[in-house]
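Spelled out from the first residue to the last, the chains are:
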Amino acid sequence: MMAKSNGTEARVQVAVRTRPLNQREIDLKSPTIVTIQNSQVFVEKPQDKHHTPKTFSYDFCFNSIHSDSSNYASQEMIFEKLGVEIVKHAFEGYNACIFAYGQTGSGKSYTMMGSHNDRGIIPRLCQLMFDQIENKIKEEINQDINIEPINNEKINDILSLKFSSSYRVEVSYFEIYNEKVRDLLNPNNNHHALKVRANKILGPYVDGLSQLVVTSYQEIETLLIEGNNYRTVASTNMNNESSRSHAVFTLKLTQTLSTDASETQSVKVSKISLVDLAGSERASKSGVQVEQARFREGCNINKSLSTLGLVISALATRQSNENSLKSTKKTFVPYRDSVLTWLLKDSLGGNSFTIMLATISPAYDNYEETISTLRYADQAKKIVNHAVINEDEPGTIIRELRDEIDKLRKELADAKAEKSAEKLNAEIKENEKLMQTISKDWQERIAETDKISKSLLITQQQKRNDPFFDVEEYNSLIGVANIFLKALFYDSKLDYLVPIINTQGEISGSLHVVLVQVGTSSMKKLSDFQPNNKPRASISEGISIETEERSLSEHSNSQNSLDDESNDDIIGTSNDKTDQITVRFAIKEVRDLPQCDGDRVMCRYTFINQKEDQKILSIQSASNDDDTEEQVGKKPRIFSFNHEKEYTFTMTDNFIATCLESAVSIEVWYHYSTIPLSINTNANNERTRRDAEIRALSNRWKEVKRHIQYAVEIHELDASGRWEPVEVDAQQPQIISGGVYRLRQGQSKRLVARLRVIPQSGTMPLVLHAIRSVEIGSINTR
Ligand code: ADP
Ligand code: MG
């Protein structure tokens, strides 16, 4: 079968999946232009009569447009075709990888992660891996032991013993946004970006990333839910910026196998990387606000995606050169140019079975993007990887690391060493740290995972106990205002109205803030580090055909961290780590909100990497509660704040890079009722809590009333047998009710109540036909 010693050539497998039409496409009456037959995709242009459909062919083509078509591909079928093979390879000791590529909304996340009811590749793959481990262990037990009836408890004991001695599964889940890596599994870790480093023996890795040990599928499921939650929250903060981030889920399987013949053991390690890439659409088409797009220019947002394109095209060129034996020059592959390609170097042109999964929309409206995705996928077909079984004796890596440390120590002792002592020391430290992490006792690792899971639970619980935090009950999100910290690089005070963007990407108010640099501990100010204006990344344009050729070896200087390099050219020299900077930040007011349905406004933010969440309520205004419906609609309401806070930071390279590229996101919420802020955590104070609940409820009811128009008419049966509304005298000023009507004798009467939702009065969903009863005041006789 596969040669163990020198590996096996494996062409990257390419799959394409087309999703159903979405509501927008249905509303636009956009025709379906994609047809799938066997392993071919046809794309037609409906207006163009002379146009012959474009044809593409791939290893797998999945039609998920209509569930009733004969070749409909369900989540399950896609997993059968792609995932099962990957699990098989993993047990053989090969690395594997799936990239999901496509424009935003084309079904990448749906295919990779899926929904709760219809799970995608990632959860199914994890499940199958654990099922197979269990089967294998059971098989082994059956072979090993021939004790007749053993009770269940004993079987379980043996199972778990066998499991922990032979199989280890570790998971990690991170996100690359704007060339920064964030841990999605450890809430204590995701406040700051993690560094990407390269080690001579281990290759590129993320320093400090949680690698959690899992012993069952259920554990992974919990971790996935938490990681995905974090992604969702972050995406609201960033106005759907999550479409611009890459999510990488990694499953590592370590098998310790003892061969019967000799007493020796061997260890097989395989890594499965499952990557949900950022949306591939070109920036101009993605519908992001111009304002924001402008800020992003020169940032690294799509650098990973554009580099991936370059890497793929370089690998394709390399392969065709090799095939034709044409060029002797080795094509340069720019792996190191982005975090994504650097970390997944092995999966592209390296040691891995790799699948590129391209997702497309079936609608004419997305014609351009669909064609561009299909072309991209075409390129990927040409890449050939070189997969080898990762099989070693136990402890090989640790031994190699130890050798490396010894070598470095010797170099350090040698006076004529080329590298400086400082650098050598740093390298030694790094290797020692890695060795420590790797050789950490398994039980210890399991305990760590446990600790993180518990802390996840505790944070969830805390959120539940704190009524102010219980956002669903008492607050409703208006939108997010982003304050870009680049402003700190200029010497002037920032005093302006920041637009509040709601989750639909529309402006829904403005937030008045003041941001000013008030002091530094030394002569250095942020404005001394002028932001470098040189363009740092081109926005991805699908694949550029041009291939960069450099004489520089890609392996040179491999000990350097990628992060350090990229910082250097932003800020020049700043080695003085003791510089401090103080920034004063004030929130003044919120105005121009769509319609006021809460009586106060709450702002919530975290300033750069400060751990503490700031939650501020607007100053209570006296009149608000008595407003009638009409007044509320007309009066421009301004919510004032007296929030001012100073933040002090050490001016590290990291801090400066953060200021250059990121923003402070301020969430703006409507706040219902007057829950006392200071005592709200006192859960024992049952009465206060009840009062607060009642008030919140009555405020909600007020809110409902504002969205509904109601009218009552009195009808009388007139002489011709028709029900006609009668006139009610409402002119007299002393009348506080709907009006006075004098009953006529002997005539049938009817009350007609009309209810209607006022259009554009807010987002509160009201279902009128679910109203059970309507009560109308009382009738008084005079
Ligand atoms: P992406 O991750 O590429 O931005 P999503 O996976 O979030 O896109 O898909 C966008 C929307 O389309 C989601 O609401 C998702 O549920 C739906 N969708 C995508 N693919 C399918 C499919 N094959 N079947 C049904 N719904 C799908
Ligand atoms: Mg997605």
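These numbers were taken from a predicted model, which means no experiment stands behind them.

Asker: Explain the pairing of strand E14 (residues 265-276) residue by residue, including any values.
Answerer: Counted residue by residue, E14 has nine buried out of twelve residues, so it is predominantly covered. Of the pairings in the sheet, the one linking strand E7 (residues 96-101) to E14 comprises five bridges and is parallel in character. Its bridge partner being in E14, Ala100 is matched across the sheet by Asp276. In this structure, strand E13 (residues 246-258) lies alongside E14, joined through twelve bridges in antiparallel fashion. Directly across from Leu253, in E14, lies its bridge partner Ser270. When E14 meets strand E17 (residues 391-392), the two strands line up antiparallel, connected through two bridges. Bridge pairing in E17 links Lys268 to Glu391.

Asker: Describe in detail the site of ligand 1, supporting the description with residues and values.
Answerer: Close to ligand 1 lie Arg17, Arg19, Pro20, Ser64, Gln103, Thr104, Gly105, Ser106, Gly107, Lys108, Ser109 and Tyr110, which account for all nearby residues. Between ligand 1 and the protein, one listed contact pairs an oxygen atom with a side-chain N or O atom of Ser109 at 2.8 Å. In isolation ligand 1 has 550 Å² of accessible area, and contact with the protein removes 66% of it. Tallying contributions element by element places helix H3 (residues 108-112) first for the shell around ligand 1, with three residues. In terms of residue class, the shell around ligand 1 is made up of two nonpolar, seven polar and three charged.

Asker: Could you give an account of unusual backbone geometry, with specific residues and numbers?
Answerer: The backbone phi angle of Lys29 is positive, close to 55°, even though this residue is not glycine. The topology assignment puts Lys29 in the loop between helix H1 (23-27) and strand E3 (34-37). Positioned with a positive phi, Asn38 is a non-glycine residue whose angle comes to about 50°. Inspection of the secondary structure puts Asn38 in the loop between E3 and strand E4 (40-43).

Asker: Please set out the UniProt feature "binding site: ATP" (unreviewed entry) in the chain residue by residue, giving values where relevant.
Answerer: Per the UniProt annotation, the sites labelled "binding site: ATP" (unreviewed entry) are Gly102, Gln103, Thr104, Gly105, Ser106, Gly107, Lys108 and Ser109. Mapped onto the elements, Gln103 comes out in the loop between E7 and H3. Excluding anything up to four places from it in sequence, Gln103 contacts Lys108, Gly279, Ser280, Glu281, Thr359, Ser361, Asn366, Glu369 and Thr373. One can find Lys108 in helix H3. Those residues in contact with Lys108, other than ones at most four positions away along the chain, are Ala100, Tyr101, Gly102, Gln103, Asp276, Leu277, Ala278, Gly279 and Thr359. Polar side-chain contacts of Lys108 include one of 2.9 Å to the backbone oxygen of Gly102.

Asker: Report on the sheet that holds strand E5 (residues 54-57), specifying residues and quantitative values.
Answerer: Sheets are built from strands paired through backbone hydrogen bonds, the pairs being either parallel or antiparallel. If you walk across this open sheet you meet the three strands as E3-E4-E5, and the pairing is antiparallel. At either margin of the open sheet sits one strand with a lone partner, and together these are E3 and E5. Each strand axis lies, on average, 20° off the axis of its neighbour in the sheet, ignoring direction. Bridge count for E4 against E5 is four bridges, and the pairing is antiparallel. Residue Val43 lies in a different strand from E5, and its bridge partner there is Lys54. Along the sheet, helix H10 (residues 367-380) contacts E3, E4 and E5; its crossing angle with E5, the most-contacted strand, is approximately 35°.

Rules and cut-offs
Residues numbered from 1 in each chain as written. Chains lettered and ligands numbered in written order. Predicted model: local features only at pLDDT ≥ 70, side-chain atom pairs only at ≥ 80, totals over all residues. Heavy atoms only, no water. Buried < 20%, exposed > 50% of the residue type's maximum accessible area, 1.4 Å probe, protein only. Helix = DSSP H or I, 4+ residues; strand = E, 2+ residues; numbered from the N terminus. Pairing = 2+ DSSP bridges. Near = heavy atom within 4 Å. Polar contact = N/O pair within 3.5 Å; in protein donor to acceptor, adjacent residues only side chain to side chain. Areas by Shrake-Rupley, 256 points an atom, 1.4 Å probe, with all protein chains shown as cover. Nonpolar A, V, L, I, M, F, W, Y, C, P; charged D, E, K, R; others polar. UniProt positions renumbered as here; feature names shortened; annotations may be inferred. Contact = heavy atoms within 4.5 Å. Axes fitted to C-alpha atoms, helices over the stretch in contact; angles between N-to-C directions.

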